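Here is how the chains run, residue by residue.
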Amino acid sequence: MATIEFQKNISLATLTTFKIGGPAEYFIRVTNLNELKDAFIKAKEMNKPTFILGGGSNLLASDRGFEGVIIKMQTQEFQVENHNSYFRIICDGGVLLSRVLALSLEIGATGLEWATGIPGTIGGATFGNSGAYGHSISEVVEKVIAFDPIALEPKEFSQKECSFDYRESVFKKNGFIITSVYLNLEKNEKGDSKEIVLDYIKERKNKIPPYPSAGCVFKNIPINRASSETLAKIPEEKIKGGKIPVGYLIDQCGLRGERIGDAQISPMHANFIVNLGKATAQDVYQLINLCKTKVQEKFSISLEEEIRYLGNFQN
């Protein structure tokens, strides 16, 4: 077994895009499969739970931190294969999504333009089937290699076996850790990818708040999950791609700009909760529950978080 060292009491606020969270009892950065394996063996020997951290986006860490081992994926390798009509990009799970997008523009590939401005890693994006503008990562994933923390060995998942759905994948259920992702991106014959990206940058500038956040807090609502009474309350032009935008629902409840402590429902986009400086996880958690309560009362819709929770949130 390689000599891997766990650090103690590392602040989760420094490791998440929300800039919120107490200490991780133990913390380790892993750069390859052997280190990942060793981290799990050591955590098991210590009888400690583990949590895999990518870019730290889409995550709300408890003020009390996490009693266990945080394993941060620092794997950064990728390679490009040039095929007749497409490029295959093979990325380690820890590669930033923004880096893969930049690479795709460089080589003349199309299929990731929607990822403009989305933080986090390719592993995290695949785990949560990230998407925007009616597209998602599942459209370009060929296969995934993931590590089984019980058998301590990698396993291959075809695109179908990933069971992608709206902001869902099999990895949310099976506990496997994504170590590499194979992407197939078509060659861009039109050469318009950079213009599309620039348009998205302009659009996001007006919609994405300039404060630390975890991205969209809630999943948008597929219309087949809403009753006819609920749909009757929502103007048709507000429904995008067969989904009701949660930002609109929260806005209609008069919650845009609402504050608890230094956490605020963003005035720019009501599906974002931002950290104005010294927000606590509890402040954010209370705002999340306020949104859920008010939207349920007004629209009879149960909101489901897109962000994940880390640590204890019970008083």
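Here goes a summary of the coordinates provided. (Residues numbered from 1 in each chain as written. Predicted model: local features only at pLDDT ≥ 70, side-chain atom pairs only at ≥ 80, totals over all residues. Heavy atoms only, no water.)

## Some points on the pattern of salt bridges
Part 1: If you walk through the whole model with that rule in mind, you get twelve salt bridges.
Part 2: Residues E203 and K207 are paired through a salt bridge, measuring 3.8 Å at the closest nitrogen-oxygen approach. Here E203 pairs with K207, and both are found in helix 5 (residues 193-207), just four residues apart, close to one helical turn.
Part 3: Exposure remark for K207: the relative accessible area of 36% places this residue in the partly exposed category.
Part 4: In this structure, the salt-bridge partner of E305 is K292, at a minimum N-O distance of 2.8 Å. Of this pair, E305 sits in the loop between helix 8 (281-299) and strand 20 (308-310) while K292 sits in helix 8, placing them 13 residues apart in sequence. (Salt bridge = Lys/Arg side-chain N within 4 Å of Asp/Glu carboxyl O. Helix = DSSP H or I, 4+ residues; strand = E, 2+ residues; numbered from the N terminus. Buried < 20%, exposed > 50% of the residue type's maximum accessible area, 1.4 Å probe, protein only.)

## Points about helix 5
Part 1: Relative to the 21 Å expected for 15 residues at 1.5 Å per residue, helix 5 spans 21 Å between its end C-alpha atoms, a close match to the ideal helical length.
Part 2: All buried positions along helix 5 are accounted for by S193, V197, Y200 and R204. Around the axis of helix 5, the buried residues are gathered within 60 degrees of arc, so they sit on the same side. Structural note: helix 5 exposes L198, K202, K205 and N206 on the side pointing more than 90 degrees away from its buried face.
Part 3: Residues of helix 5 that are buried make contact with helix 2 (97-107) and strand 8 (109-110). (Expected span 1.5 Å × (residues − 1). Arc of directions from axis to C-beta. Contact = heavy atoms within 4.5 Å.)

## What to know about the nonpolar core
Part 1: With 34 residues, the main nonpolar core has L112, I122, I137, V144, F171 and L183 as its most contacted residues.
Part 2: In terms of residue count, helix 2 provides more of this core than any other element does, five residues in total.
Part 3: Those residues in contact with I137 that sit more than four places away from it in its chain are L97, L112, W114, I122, A125, T126, N129, S130 and L183.
Part 4: Judged by nonpolar contacts, the second largest core, of 33 residues, contains F18, A226, I234 and A279. (Core = buried A, V, L, I, M, F, W, Y, C linked by side-chain atoms within 4.5 Å.)

## Topic: the sheet that holds strand 1 (residues 7-11)
By way of backbone hydrogen bonds, the strands of a sheet pair with one another, either parallel or antiparallel.
Part 1: Spatial strand order, 1-2-5-3: four strands in an open sheet with mixed pairing. Edge strands, defined here as strands with exactly one partner in the open sheet, are strand 1 and strand 3 (50-53). The mean inter-strand angle of the sheet, taken between neighbouring strand axes irrespective of direction, is 45 degrees.
Part 2: Bridging between strand 2 (residues 23-30) and strand 5 (residues 66-73) involves six bridges; their strand directions are parallel. Residue pairing for strand 5: A24 is matched across the bridge by F66. (Pairing = 2+ DSSP bridges. Axes fitted to C-alpha atoms, helices over the stretch in contact; angles between N-to-C directions.)

## Observations concerning the packing of aromatic side chains
The geometry of an aromatic ring pair comes down to the distance between the two centres and the angle between the two planes.
Part 1: By the definition in use, this model includes nine aromatic pairs.
Part 2: On the numbers, 5.1 Å between centres and 40 degrees between planes, the contact of Y285 with F313 is tilted. Taken as a pair, Y285 in helix 8 and F313 in the segment after strand 20 lie far apart in primary sequence, 28 residues in all.
Part 3: For Y285, a relative accessible area of 17% translates into the label buried.
Part 4: Under the relative-accessibility criterion, F313 is labelled buried at 5%.
Part 5: Taken together, the ring pairs connect F157, F171 and F176 into an aromatic cluster.
Part 6: Over the face of the ring belonging to F6 we find K42, whose NZ or CZ atom lies 4.8 Å from the ring centre.
Part 7: When the ring centre of Y182 is taken as origin, the NZ or CZ atom of K143, which lies over that ring, is 4.5 Å away. (Phe/Tyr/Trp six-rings, centres within 6.5 Å; stacked < 30°, edge-to-face > 60°. Lys NZ or Arg CZ within 6 Å of the ring centre and 35° of its normal.)

Coordinates in, geometry out; function isn't part of it.
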